[in-house]
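# Observations on the three-dimensional arrangement
Listed below are the residues making up each chain.
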Amino acid sequence: MKLGLLCGLLILLFVNLAMAAEEPKYTVLEKSGDFELRQYAAMVVAETLVDGSLRDASRDGFKRIADYIFGNNTARSGANEKISMTTPVTMVPTSERISMTAPVTMQQTAGRWRMYFVMPSQYTLNTLPTPNHSAVILREVPENRMAVMRFSGLAGEEKVAEKTAMLLAWLKTKQIKPIATPALARYNPPWTLPFLRRNEIMIAY
């Protein structure tokens, strides 16, 4: 009984942690099971480019941007500033020229990735502190439309490839043409139990 109660409390804690973080603002235009079409408002992101597999790039990119929001920055006052964590953390394979074959789909195991955190909505490009690490940059993303597939569990390379293919197939049935590379968005801390995790494949159209 005590073990069951403890597990229940842990589940509630994980759910609350995921729900507490601010998410980008969007409007659902259409929903069909795990698929959605969304209209996103403009946002500001902190991003960095990282090399390696999805797993390695996720780890290295997260550390770099987390370092920025936890205070490795310079605010307008000259001091450093802590920035609230938001969700999701997003990974996008990029075709920028690098020393190895650049990935063009999510299932490739090595290449260069762009990771970004969406900044809290109270900030603009002018009010965010400047990153002290030159590999972290800030940029504004204009409003856009995204096709999304939501799934739970671990977001390994094989599963990501499978879900990406499913989302592309769904878009094909609706005669919607993607205009960008698929992205992987993860909403939960790494200690979250797999069945409670929220992951999404996102494609601009």
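A brief look at the structure comes next. (Residues numbered from 1 in each chain as written. Predicted model: local features only at pLDDT ≥ 70, side-chain atom pairs only at ≥ 80, totals over all residues. Heavy atoms only, no water.)

## Topic: the pattern of salt bridges
Scanning the model with the defined rule gives 12 salt bridges in all. Lys25 is the salt-bridge partner of Glu22, the closest N and O atoms lying 3.8 Å from each other. The partner of Arg198 in a salt bridge is Glu200, with the nearest N and O atoms 2.9 Å apart. You can call Arg198 buried: its relative accessible area is 12%. Each of Glu23, Lys31, Glu36, Arg38, Arg198 and Glu200 takes part in one network of salt bridges that share partners. (Salt bridge = Lys/Arg side-chain N within 4 Å of Asp/Glu carboxyl O. Buried < 20%, exposed > 50% of the residue type's maximum accessible area, 1.4 Å probe, protein only.)

## Some thoughts on the packing of aromatic side chains
One pass over the structure, following the stated rule, counts 3 aromatic pairs. Judged by centre distance (5.0 Å) and plane angle (45 degrees), the ring pair of Tyr26 and Tyr40 falls under tilted. Here Tyr26 is found in strand β1 (residues 26–32), whereas its partner Tyr40 is found in strand β2 (residues 35–40), with 14 residues between them in sequence. On the basis of relative accessibility, which here comes to 29%, the residue Tyr26 falls in the partly exposed class. Ring geometry for Phe62 against Phe117: centres 5.5 Å apart, planes inclined by 55 degrees, an arrangement best described as tilted. Here Phe62, found in helix α2 (residues 54–69), pairs with Phe117, found in strand β6 (residues 112–118); they are 55 residues apart in sequence, far enough to count as distant. Just above the ring of Tyr187 sits the side chain of Arg198; from NZ or CZ to the centre is 3.7 Å. (Phe/Tyr/Trp six-rings, centres within 6.5 Å; stacked < 30°, edge-to-face > 60°. Helix = DSSP H or I, 4+ residues; strand = E, 2+ residues; numbered from the N terminus. Lys NZ or Arg CZ within 6 Å of the ring centre and 35° of its normal.)

## Side note on unusual backbone geometry
Here the bond from Thr87 into Pro88 is cis, since omega is 5 degrees, no more than 30 degrees from zero. Within the chain, Gln175 stands out as a residue other than glycine whose phi angle is a positive 55 degrees. Along the chain, Gln175 falls in the loop between α3 (157–173) and β10 (183–186).

## As for α2
Count 3.6 residues to each turn of an α-helix, and residues three or four apart come out pointing the same way. Given a rise of 1.5 Å per residue, 16 residues ought to cover 22 Å, and the 22 Å separating the end C-alpha atoms of α2 matches this to within 8%. Of the residues making up α2, those classed as buried are Leu54, Ala57, Ser58, Gly61, Ile65, Ala66, Tyr68 and Ile69. The buried residues of α2 occupy an angular sector of 145 degrees when projected down its axis, which confines them to one face. Set apart from the buried face of α2 by more than 90 degrees, the exposed residues are Arg55 and Lys63. Directly after α2, the chain includes Gly71, whose backbone phi takes a positive value near 135 degrees. (Expected span 1.5 Å × (residues − 1). Arc of directions from axis to C-beta.)

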